[in-house]
Amino acid sequence: MKWSMLWRAVQSARAGRIGDAAALKGAATGGRAYPELHAKLELLEEPFPSIDLEVLRRLPEGTFGREYVRFMDDQGLKPFIVSREVAEELARTSRLEVRYPLLHDAFHVLLGFDTSLVGELGVWSFVSAQHYSPDYDRAARWGRRLYPLVRPGQGAALREASARGEALARRARCLIAEPLEQLFTLPLPEARDRLGIVLE
């Protein structure tokens, strides 16, 4: 863990720079990408996209961008904004650790999972099956063990979400290495089709 970076994350949070705080925390504590994924992420021109909800709100109904805005509004969420200074610093070393938190909610929209524990396990199972990082694999394994203890009546739903996430991952392109932000203007079904996401 990089304590100096973690301290800067705390300072950024206190100053209201939540995106920088999340990025620095991810870089300080997050697991490194597997080498093959790291190589793919190196090819991205814009590893840390800036997502403007007000711009996306003007897109036509049914587009990926409008559905993303609806999801964020329904959950009371706002996308992280990473400053240029922090983005330039972390782009060399921490692309996965910053990019994934920025796009996590877009994964929910594309994969059709809600934000309940069941939905979160579906997304984590997808991410693990796509082999992003050893730490992300561990997170999915812990989720499969712990979530049924937290929600004992939802064991079947949790197992189904985990299996569905893994099945989606096998068919889909490597989502985190795709320029998802460039697909916001497309109808959501077309965006999914381009990414190889087939919802049953």
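Just above sits the structure.
Just so it is clear, the model here is predicted, and its values are computed rather than measured.

Thresholds, definitions, all that
Residues numbered from 1 in each chain as written. Predicted model: local features only at pLDDT ≥ 70, side-chain atom pairs only at ≥ 80, totals over all residues. Heavy atoms only, no water. Helix = DSSP H or I, 4+ residues; strand = E, 2+ residues; numbered from the N terminus. Buried < 20%, exposed > 50% of the residue type's maximum accessible area, 1.4 Å probe, protein only. Phe/Tyr/Trp six-rings, centres within 6.5 Å; stacked < 30°, edge-to-face > 60°. Lys NZ or Arg CZ within 6 Å of the ring centre and 35° of its normal. Axes fitted to C-alpha atoms, helices over the stretch in contact; angles between N-to-C directions. Parallel < 35°, antiparallel > 145°, perpendicular 65-115°, else oblique. Contact = heavy atoms within 4.5 Å. Nonpolar A, V, L, I, M, F, W, Y, C, P; charged D, E, K, R; others polar. Salt bridge = Lys/Arg side-chain N within 4 Å of Asp/Glu carboxyl O.

A.B. asks: When you look at the environment of glutamate 190 in this model, what are you seeing that I'm missing?
C.D. replies: By the element assignment, glutamate 190 lies in helix 11 (residues 188-195). Residues glutamate 190 and tryptophan 7, 183 residues apart in the sequence, show an inter-C-alpha distance of 42 Å.

A.B. asks: I keep staring at unusual backbone geometry and nothing clicks. Help me out?
C.D. replies: Note: most peptide bonds trans; most residues except glycine with negative phi. With a phi close to 60 degrees, histidine 131 is a non-glycine residue in the positive phi region. Of note, histidine 131 is situated in the loop between helix 8 (117-129) and helix 9 (134-150). On the accessibility criterion, histidine 131 (46% relative accessible area) is partly exposed.

A.B. asks: Sorry if this is basic, but what is going on with the packing of aromatic side chains here?
C.D. replies: Pairs of aromatic rings are described using the distance from one ring centre to the other and the angle between the two planes. Enumeration according to the criterion identifies seven aromatic pairs in this entry. Ring geometry for tyrosine 100 and tyrosine 136: centres 5.4 Å apart, planes at 55 degrees, overall tilted. With tyrosine 100 in helix 7 (residues 95-111) and tyrosine 136 in helix 9, the pair connects residues that are 36 residues apart, well separated along the chain. In this structure tyrosine 136 comes out as buried when scored by relative accessible area, which is 9%. Note on tryptophan 124 and tyrosine 136: the rings are 5.4 Å apart at their centroids and 90 degrees apart in plane angle, and the pair reads as edge-to-face. Here tryptophan 124, found in helix 8, pairs with tyrosine 136, found in helix 9; they are 12 residues apart in sequence, far enough to count as distant. By way of ring pairs, the aromatic residues Tyr100, Phe107, Trp124, Phe126 and Tyr136 are connected into one cluster. Over the ring of tryptophan 142 we find arginine 145; its NZ or CZ atom is 5.6 Å from the centre of that ring. If you follow arginine 164 out to its NZ or CZ, it ends over the ring of phenylalanine 113, 4.0 Å from the centre.

A.B. asks: So what exactly am I meant to see when it comes to the packing of helix 3 (residues 35-42) against helix 7 here?
C.D. replies: Packed helix pairs are characterised by how far apart their axes lie and by the angle those axes make with each other. Interhelical geometry of helix 3 versus helix 7 gives an angle of 70 degrees and a closest axis separation of 10 Å. Looking at the two axes, helix 3 sits roughly perpendicular to helix 7. Contacts from Leu37, Leu41 and Glu42 in helix 3 reach Arg95, Leu96 and Arg99 in helix 7. Tallied by class, the residues present in the contact of helix 3 with helix 7 amount to three nonpolar, no polar and three charged.

A.B. asks: What is the right way to look at the pattern of salt bridges in this model?
C.D. replies: Pairs can form between side chains of opposite charge whenever their charged atoms are close. Scanning the model with the defined rule gives 14 salt bridges in all. For arginine 138, the salt bridge identified is with aspartate 135, shortest N-O distance 2.1 Å. Of the two residues, arginine 138 and aspartate 135 both sit in helix 9, three residues apart, roughly one turn of that helix. Residue class for arginine 138 comes out partly exposed when judged on its relative accessible area of 38%. Taking the shortest distance from any N to any O, the salt bridge between glutamate 160 and arginine 164 comes out at 4.0 Å. Pair noted here: glutamate 160 and arginine 164 are both in helix 10 (residues 155-171), with a separation of four residues, about one helical turn. One connected set of salt bridges, linked through shared partners, spans Glu61, Arg66, Glu67 and Arg70.

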